[in-house]
Amino acid sequence: MSRDIRRVGVVGGGRMGAGIAEVCARAGLDTVVCEVDAVAARAARDRVAASLDRAVERGKLARAAARDALDRLVFSGSLEDLADRQLVVENVDAKTEIFTALDKIVESPDAVLASNTSSLPVMRLGRATRRADRVLGLHFFNPVPVLPLVEVVTSLHTAPETVGAVEDFATRTLGKTVIRSQDRAGFVVNALLIPYLLSAVRMTESGFASAADVDTGMELGCAHPMGPLKLADLIGLDTVASIAESLYDEFKEPLYAPPPLLQRMVEAGLLGRKTGRGFHVYGQE
């Protein structure tokens, strides 16, 4: 298969999907973002445009380069517009259904179908298609335009040439650093990170220390750029809980079980930065 991936599709234009689309467009790639309908597609475009504007304001990107990147992006409400893509990256909830649909829509048998999942087994996604050898995990980190890491996750069916093409794309085209992981819940980073975040939640839940003191302790005592509860708020407490549940389902280790406080906060809609309140309170963004 060709390693020269120039036509990319992104399914889902939320924060992660918009970030992936942005880095692809900034790398000069023909990029199509697919959302559920035209209204959501317009919202995705606005999200990317706002991110590009912030990059310009911070001196990280020239105004002309931002304009060119946005011009390379097409925002669609139909999966059919991904038919000619060489690589499609999925970022939505209905993952197996999307992969089954993409398998029928994406025309080239050499095209790669990738998921930005951080929890669902890649094997399950591959089995939803007739091209399991062309399916893998391509896990970016938020904010995608800023953080340099990508996890490439292979199932037992993923072909070596698929891995080679995607790693080449991530490193040479997008300028990311790649680490490999086996197809296990949490992959490398979340399998290490989530127990740490859950420990901080349990410490606060038990009254051992306040959320502010937990975060200050790790920031000033361990030189972490952000405390664990601030980080959980940034990721989204619903996302943290979801990843924890998938880790616990797979490994049955108590350290992966989401604490009751975390579950109640998710039920209450206190999800962190995106809702204005989690373990800390945030102004309207």
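Read on for a plain summary of the structure. (Residues numbered from 1 in each chain as written. Predicted model: local features only at pLDDT ≥ 70, side-chain atom pairs only at ≥ 80, totals over all residues. Heavy atoms only, no water.)

Topic: the overall build of the chain
Check the secondary structure of the chain and you find 11 helices and 8 strands. Taking 2.2 N^0.38 as the reference for a compact globule, 285 residues should give roughly 19 Å; the C-alpha atoms of the chain span a radius of gyration of 19 Å, in line with that estimate. A principal-axis box enclosing the C-alpha atoms of the chain has dimensions of 55 × 45 × 35 Å. Taking all 285 residues of the chain together, 51% fall into the buried category. Restricting the contact set of the chain to residue pairs at least 6 apart, pairs at least 24 apart contribute 65%. One finds the centroid of the 33 positive side-chain charges in the chain at a distance of 3 Å from the centroid of its 37 negative side-chain charges. (Helix = DSSP H or I, 4+ residues; strand = E, 2+ residues; numbered from the N terminus. Rg over C-alpha atoms; globule rule 2.2 N^0.38 Å. Buried < 20%, exposed > 50% of the residue type's maximum accessible area, 1.4 Å probe, protein only. Contact = heavy atoms within 4.5 Å. Lys, Arg positive; Asp, Glu negative; His and termini not counted. Charge placed at Lys NZ, Arg CZ, Asp CG, Glu CD.)

Things to note about the environment of Pro-260
Note on placement: Pro-260 falls in helix α11 (residues 260–267). Look at Pro-260 and you get partly exposed, because its relative accessible area is 46%. With 73 residues separating them along the chain, Pro-260 and Phe-187 place their C-alpha atoms 24 Å apart.

What about a positive patch on the surface?
Together, Arg-15, Arg-47, Arg-54, Arg-58 and Lys-60 give the surface a local cluster of positive charge. You can see Arg-47 is positioned in helix α2 (residues 38–57). (Patch = residues over 30% accessible without salt bridge, like charges linked within 9 Å, V, L, I, M, F, W, Y side chains within 5 Å. Areas by Shrake-Rupley, 256 points an atom, 1.4 Å probe, with all protein chains shown as cover. Salt bridge = Lys/Arg side-chain N within 4 Å of Asp/Glu carboxyl O.)

A closer look at helix α7 (residues 189–205)
Taking 1.5 Å per residue as the helical rise, α7 with its 17 residues ought to reach 24 Å, and the 24 Å between its terminal C-alpha atoms agrees with that figure. In this structure, the buried residues of α7 make contact with β6 (135–140), α8 (211–221), α9 (228–235), α10 (237–251) and α11. Count one or two residues on from α7 and you reach Gly-207, which has phi positive near 85°. (Expected span 1.5 Å × (residues − 1).)

Quick word on the side chain of Asn-91
Within the fold, Asn-91 resides in the loop between β4 (87–90) and α4 (95–105). Here Asn-116 takes part through its side chain, which lies 3.2 Å from a polar atom of the side chain of Asn-91. (Polar contact = N/O pair within 3.5 Å; in protein donor to acceptor, adjacent residues only side chain to side chain.)

Brief notes about the side chain of Glu-90
Within the secondary structure layout, Glu-90 lies in strand β4. Apart from the residues lying within four places of it in its own chain, the contact partners of Glu-90 are Val-11, Lys-95, Ile-98, Phe-99, Ala-114, Ser-115 and Asn-116.

Looking at the nonpolar core
Core analysis: the biggest nonpolar cluster contains 38 residues, and Leu-73, Leu-87, Leu-136, Leu-138 and Phe-169 have the highest contact counts within it. No other element matches α2, which puts 7 residues into this core. Leave out the neighbours within four places in its chain, and Leu-87 touches Ile-5, Arg-7, Val-8, Gly-9, Val-112, Ala-114, Leu-138 and Phe-169. By size, the runner-up hydrophobic cluster in this structure holds 22 residues, among which are Leu-198, Ala-244, Met-265 and Phe-279. (Core = buried A, V, L, I, M, F, W, Y, C linked by side-chain atoms within 4.5 Å.)

Some remarks on the pattern of salt bridges
Under the criterion given, the structure shown has 15 salt bridges. Between Arg-26 and Glu-22 there is a salt bridge whose closest N-O contact spans 2.9 Å. With a gap of 4 residues between them, Arg-26 and Glu-22 both fall in helix α1 (residues 15–26), about one helical turn apart. On the basis of relative accessible area, Arg-26 is assigned to the partly exposed category, the value being 33%. Under the relative-accessibility criterion, Glu-22 is labelled buried at 2%. For the salt bridge of Asp-84 with Arg-85, the shortest nitrogen-to-oxygen distance reads 3.0 Å. Looking at Arg-85, the relative accessible area reads 3%, which means it is buried. Taken together, the shared-partner salt bridges connect Asp-110, Asp-133, Arg-134 and Glu-161 into one network.

Taken by themselves, the reported measurements are silent on function.
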